[in-house]
Structures are given as structure tokens and as C-alpha cells.
Amino acid sequence: MMFWSTKTGISNKYSFSSSPTFTAEPWSVFTGRLKSSSSSSGSSLGNSRVSIFVFDKKQFEQYLLKYSIIKSKSSSRDKQLIQEGYEILRNQVNNLAKLKHPNVLTLIEPLEEHSKNFMFVTEYVTGTLESTFKEDLDDEQEFLQGHIKNDVITQRGIQQLVTGLDFVHNRANFVHLDIQPKSIYINDNSDWKLSGLGHIFKLPQGTSSSDFEFPQYDPRIPQFYTFNLDYTAPELVFEKTLSYKNDYFSLGLLINFLYSGTSLIKADSSLSDYKTEYSKFERKLSSLSWDNVFIKLPVKLRSCIPKLMNRDIYSRYDNITEFLDSEFFQDPLIKTLNFLDELPTKSNEERAVFLDGLVDILPQYPATLLQRKFLPILVDLLSQLLSEKMVDSHSVSRDLEIIIKIGSSVSQLTFLEKVFPVITDARTFPTLLENATMTFIENLSPLKEKIKLDAFVEKIISPLLHYVLDKCNSENVVVLQENLLDQMPLILDCYDFPSIKNEILPLLCNLFTKTTSLKIKMICMTCF
């Protein structure tokens, strides 16, 4: 029996894996799904995956005892220390509930406190930046996480973090104070999400900085109790000055980690070690220059680092939004991803132009990003387009073309789960068939590869044959018929002889009789 065997709340509502998907200290993160009884009660989650975060209180308290950080769990001093840790964890989760933003980790179920553990539920995440970008990944981890290290995804991820910080600073008026690899999560769409909100600090109204005192803890205390010094700004340590610009410096250190796989400062939770390490960093800067110290970063990003990490906070960016305006984020691939997120809200004309351009730029993106990020959005867009009163035929056709192109790179199981139900939905399929007839005809081969034969014949081929050869009144019906008849070898390969005789042959005879196109008549004859 697992240690969170409570029958109420999250454990009663969700089923989840027996072992963690990954660990983001101090949380163990499990993959879960709504149980059938819960999913049928109207939840928008349906059968979607979620992440369930679990903190083992017993294991935590045993750690404190083992290393003599506490002497017992009964003294008032020891109780206070334990409760301070629990309060930080409560803050992490409660602040997720308060700070709702697309670039902040989405909370689904609030914190539950039990005698043996804390639990909460978020959107499904696959890992943290720490687990993805660290230098010592084994071969299996490197294979599984490699796509996230793609330059476009990293570039986009940094932009998402900066946009999230813009919200935390300029809308919510908090200093984050915990920008580090383990505080940034990656969801199934390869989007990066801010978390680690246990130490956020609200500056006094009308001020841009405040005095700060580091809490004094036993150096063996679990790291979540205080800041990770490897990603802490020097003015916090040396001058005890707290400001929004502390986060700029931390972001610079995080960016260096993304491209180097290691921390620039290795303080080992010691303030004295931090001061030594920072002095080494300053000496290296004076002898090598910013560009040479950060040589592994892209050229367009190196020029931004001094404005994030200058020792003089007044020489840093005045506002984090200035970083977003830098040349580093002006890449057309990044702008396309930004537009993609806003696609459902755009006008028909804007969507049509975007989809036309997307066909050409698609090959420049990594396949996994296309599958995880583009495909779900484009499938949802197709449903939206088909539900509109005035159907935009061009956008429907182009969207379906791109969906099939991306879908051809996924497994048959994934295609049948994510794409097939949408394109064959009985409520919208007639509209889709009418507005994207040529797209269906031109893509019969990839569709055949991804759909089981019986379903392919019943849901795609048969309706397409009857529509094009018998019912279509389009002005370009002859072109459609000609292209479909050219696909007859593929079509006949899907049918047995009785079906050909009883379904296809009557359609061809009827078409031969009623068409006025000599070319169509001749093609019909070659089919017999």
C-alpha cells in the first residue's frame, strides 16, 4: 500500500502511478488521471493526464532527526523549525492559486494536508529544467529530453520565463527570489512554466527595493528552506538589498545553465563559499570579458547578459520587458510560436495568412515540437473553424493539410487518439468533406497508413467516393473527380471484390452516364 492511502480528496478522485515520474525536491511528482467516476461527472479534464505532487512528511522529519538538525519532534524549537518548512511549502502551492498566468504552473487541485503527506495537482508536466538540461544526463534521459534542448524550444522557453516574470513583477508586484532550474517546469506541449513561489516577496508600495536579512539555518537543512545561492544575486548577499532586479541576475545565471549544463556559481549553500565563487566570477570577467565568459550562449543573447547580471543594479535593465525587445527574441520561428498561442482569437484573414505561411516554415521546427505543441492547437482550431456559421473553406483546407502532415510523423496510436476522432466527427465531417475535399484526396496515402483499414474505408473512403462521384455540386467538380479517380488503385486496394462490385462499380457507371467530360468518361472506362 502506498503511503498516501487516504480515501478522500485527491487520492479518491485520481488514479496515479506507483512510482514518481520525476523528482523536484522536495516534491515527488506522479502522473495521474481522473478516475472514471470523476471524469464522467462533468470535469473538463476528461481522461487527460495531470501531475500529482507529493511531499512525504515522515521522510522529511526522519531526515531532520538523522542529521541532528532537530533533537526530537516534541520540543517547541524543533516543532517551530518543522512548521517553518511546512509553511514554505504551503506558500508554494497557495501562491500558484493566486498567480494565474499562462506562463505560471497551472494549479488544478489545491494543497491537501494529511498526517503523512502534502499533496496537490497541477497541469501535466514532464520534468524541470534541472532534470532536462543538467550536464550528466545518461543516454536514455538524453534521448527522451533531447528535443527540449533544441535552440528554438530553449529560445521560446526563455521568452516564456521572461513573460512570466513580467507578470510576477509588473502585475502582481512580487519579487520571485527562486529563479533556478528546479523551479521551472516543462509541460507536454514543451511550454515552460514558472513555479517555486515559496519565497516571493511583495515590495512596499511605491518602492523599488527593500532591506533583507538571510534566515540563519543549519547548512544541512533541506534547500527549499532558503534561497539556492547558486542562483542568487550578489546584492542580496553583500548589501542585503532586495529588488525586482535580483530576479534579473538569477535569470542570467539560469540562462548560462541552459547553454552550459552547469552552474556558474557553486556555493554549496554556504554564504562564505558564495562570496568566494562570486569573486572568482568577477576576476574572470575582468580578464576575459562578458562575451568570452558566456561564450556558449548564442551571439544575440550574449549582449543581453550584462544588462541582466551587472554588479551595479542600476546598469541592469530598468524593466524585464526591455529584455523581451532584444534582437534575440525577434526570430521568425519564435514569432510564429507566439502567434500560434493566440491563433484561436485571430480573424479569419489573419488565420488564413498564418496557415499559408506555416506550410513553408514547418520543416524548420523539431518534429517533437510539431507533435506536442502545434498539433493539439491546430486540431482544436479545426473544430472551431467547422463550428462557425460562415465556414472559411481556405483555412479549413489548409489546417487539415498541416494536421495530416504533422500527423504522418506520429504513431498510429497517437493519430487515432488525437486526430482521427476530430476529422471524422459525425457532427462536422460533412462540412469538413465539403470544404476540404481536395485535401482529403491528396492525402489518402498518409491517412491510409495511420487509420485501421475498416475505419479508413467506412469513415474516409466511402463518404469521399459518394460525395465526389455522385453528390458534389462544386464548380471544380471535374477536377475533384479526376484527382479522385487517379487514386483508384489505392482505393481498390482497400476493398474486397464484392464491395467493389456493389459499391464502387455502380458509382462509376452512374458517373460515366451523367458526366459531360470526355476525360472523366475515359478515366471511368480504364477503371473497369
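Going by the structure above, here's the rest.
All residue numbers here refer to positions counted from 1 along the written sequence of the relevant chain. Totals for whole chains, interfaces and linings use every residue, but because this is a predicted model, local features are given only for residues with pLDDT of at least 70 and side-chain atom pairs only at 80 or more, for both listing and counting. Excluding hydrogens and water, the side-chain figures rest on all heavy atoms present in the structure.

### As for the nonpolar core
The nonpolar side chains of a soluble globular protein tend to be buried with one another. So the rule is basically this: Take the buried Ala, Val, Leu, Ile, Met, Phe, Trp, Tyr and Cys residues and link them wherever side-chain atoms come within 4.5 Å; each set so joined is a nonpolar core. Remark: exposure states derive from per-residue accessible area (1.4 Å probe, protein chains only) relative to the maximum for the residue type, with buried under 20%, exposed over 50%, and partly exposed in between. Here a residue-residue contact requires only that any non-hydrogen atoms of the pair lie within 4.5 Å.
Ranked by internal contacts, the top residues of the largest apolar core, which has 161 residues, are I158, F323 and L378. When residues no more than four places from it in sequence are discounted, the contact partners of L378 are L340, L343, L355, L358, D399, I402, I403 and I406. Listed in part, the ten residues of the second largest apolar core include I10, F30, I52 and M119.

### What about empty space enclosed by the protein?
Filter applied, for reference: Buried and open spaces are told apart on a 1 Å grid over the protein atoms alone, a cavity being a set of points where a 1.4 Å probe fits but cannot get out and a pocket being an open set with protein on both sides within 12 Å along at least five of seven lines. Residues with an atom within 4 Å of a point are the lining residues. Grid points are joined across faces, edges and corners, and a volume is the space filled by probe spheres set on the points.
Tallied over the entire structure, the rule returns three cavities of 30 Å³ or more. The calculated volume of the largest cavity comes to roughly 200 Å³. If you go around the largest cavity, you meet 21 residues; those closest to its centre are E25, Q92, D178, S183 and G196. Approximately 40 Å³ is the volume attributed to the second largest cavity. Around the second largest cavity sit I153, R156, N189, S190, D191, L337, L369 and K373, which together line it.

### Topic: the sheet that holds strand β9 (residues 184-187)
Using the following cut-off: Note: two strands are recorded as paired if DSSP finds a minimum of 2 bridges between them. Helix numbers and strand numbers start at the N terminus; a helix is a DSSP run of H or I with at least 4 residues, a strand a run of E with at least 2. Angular values range over 0 to 180 degrees, each being the angle between N-to-C directions of two axes fitted as lines to C-alpha atoms, with helices fitted over their stretch in contact.
Spatial strand order, β7-β9-β10: three strands in an open sheet with antiparallel pairing. The open sheet has two edge strands, β7 (125-128) and β10 (192-194), and neither has a second partner. Mean inter-strand twist for the sheet, computed between neighbouring axes without regard to direction, equals 35°. The pairing of β9 with β10 spans three bridges and is antiparallel. Pairing of I186 across the sheet is with W192, part of β10.

### Quick notes on the environment of H466
Topologically, H466 is positioned in helix α24 (residues 453-471). Given a relative accessible area of 27%, H466 falls into the partly exposed group. Put simply, H466 and Q384 are 82 residues apart on the chain and 26 Å apart in space, counted from C-alpha to C-alpha.

### A short note on the packing of aromatic side chains
Note the cut-off: Working definition: a ring pair exists when centres of Phe, Tyr or Trp rings (six-membered ring for Trp) sit within 6.5 Å. Plane angles under 30 degrees give stacked, over 60 give edge-to-face, the rest tilted.
Under the defined criterion, the tally for this structure stands at 35 aromatic pairs. Arranged with centres 4.6 Å apart and planes meeting at 20°, the rings of F53 and F120 form a pair that is stacked. Within this pair, whereas F53 is found in strand β4 (residues 49-56), its partner F120 is found in strand β6 (residues 117-123), the two being separated by 67 residues in sequence. For F120, a relative accessible area of 4% corresponds to the buried category. With a centroid separation of 5.9 Å and an interplanar angle of 50°, the aromatic rings of F60 and F224 are classed as tilted. Placement of F60 in helix α3 (residues 57-66) and of F224 in the loop between β12 (209-211) and α8 (234-238) is noted, with a sequence separation of 164 residues between them. F224 matches F60 in its accessibility class, with the two residues each being buried. Among the aromatic residues, ring-to-ring pairing joins F22, W27, F53, F55, F60, Y86, F118, F120, Y185, F224 and Y225 into one connected group.

### Regarding the pattern of salt bridges
Going by this rule: A side-chain nitrogen of Lys or Arg and a carboxyl oxygen of Asp or Glu constitute a salt bridge if their distance falls within 4 Å.
One pass over the structure, following the stated rule, counts 24 salt bridges. Close ionic contact of E388 with R351 constitutes a salt bridge, the shortest N to O distance being 3.0 Å. One end of the pair, E388, is in the loop between α17 (367-387) and α18 (393-407); the other, R351, is in helix α16 (residues 348-361), with 37 residues separating them in the sequence. Residue D356 is joined to R398 by a salt bridge in which the shortest nitrogen-to-oxygen separation is 2.8 Å. On the criterion of sequence distance, the pair formed by D356 in helix α16 and R398 in helix α18 is long-range, its members being 42 residues apart. Take D356: its relative accessible area is 30%, and that puts it in the partly exposed class.

### A short note on the packing of α24 against helix α27 (residues 497-514)
For clarity, the cut-off: Should an angle fall under 35 degrees it is called roughly parallel, over 145 degrees roughly antiparallel, and 65 to 115 degrees roughly perpendicular, with every other angle called oblique. Two helices cross in a left-handed way if the nearer one is turned anticlockwise from the farther one by less than a right angle. They cross in a right-handed way if the turn is clockwise. Following the grouping adopted for this structure description, the nonpolar residues are Ala, Val, Leu, Ile, Met, Phe, Trp, Tyr, Cys and Pro, the charged ones are Asp, Glu, Lys and Arg, and the polar ones are all others, Gly among them.
Between α24 and α27, the least distance of the axes is 10 Å, while the angle of their chain directions is 15°. Taken together, the axis directions place α24 and α27 in an arrangement best described as roughly parallel. Once α24 is placed against α27, the crossing between them reads as left-handed. Contact residues: α24 offers S462, L465, H466, L469 and D470, while α27 offers E503, I504, L507, L508, N510, L511 and K514. Within the contact of α24 with α27, the residues separate by chemical class into six nonpolar, three polar and three charged.

### Regarding the layout of surface pockets
Computed from the structure, the largest pocket encloses a volume of approximately 1,600 Å³. What lines the largest pocket is a set of 48 residues, among which D188, N189, R372, P376 and D380 lie closest to the centre. Broken down by secondary-structure element, the contributors of at least two residues to the lining of the largest pocket are β4, α7 (151-171), α15 (332-341), α17, α19 (412-418) and α20 (420-423). It is α17 that contributes the most residues to the lining of the largest pocket, eleven residues altogether. In terms of residue class, the lining of the largest pocket is made up of 17 nonpolar, 16 polar and 15 charged. Taken together, 18 residues form the lining of the second largest pocket, with E25, P26, F55, Q59 and P222 sitting closest to its centre. Of all the elements in the fold, those that place two or more residues in the lining of the second largest pocket are β3 (27-34), β4 and α3.

### Thoughts on the side chain of E109
Spelled out, the test is: The term polar contact refers here to a pair of N or O atoms within 3.5 Å; inside protein, the definition further demands a hydrogen-donor-capable atom paired with an acceptor-capable atom, and it admits residues adjacent in sequence only when both atoms are side-chain atoms.
With respect to the helices and strands, the residue E109 is situated in strand β5 (residues 107-113). Classification of E109 by relative accessible area gives buried; the value is 15%. Here K13 takes part through its side chain, which lies 2.8 Å from a polar atom of the side chain of E109. Leaving out residues up to four positions away in the same chain, E109 has contacts with I10, K13, Y14, F120 and V121.

### Details of helix α25 (residues 477-486)
Turning to α25, its buried residues number three or more, namely V477, L480, Q481, E482, L484 and L485. Each element contacted by the buried residues of α25 is listed here: α22 (437-442), α23 (444-450), α24, α26 (488-492), α27 and α28 (518-527).

Interpretation in functional terms is not warranted from these geometric data alone.
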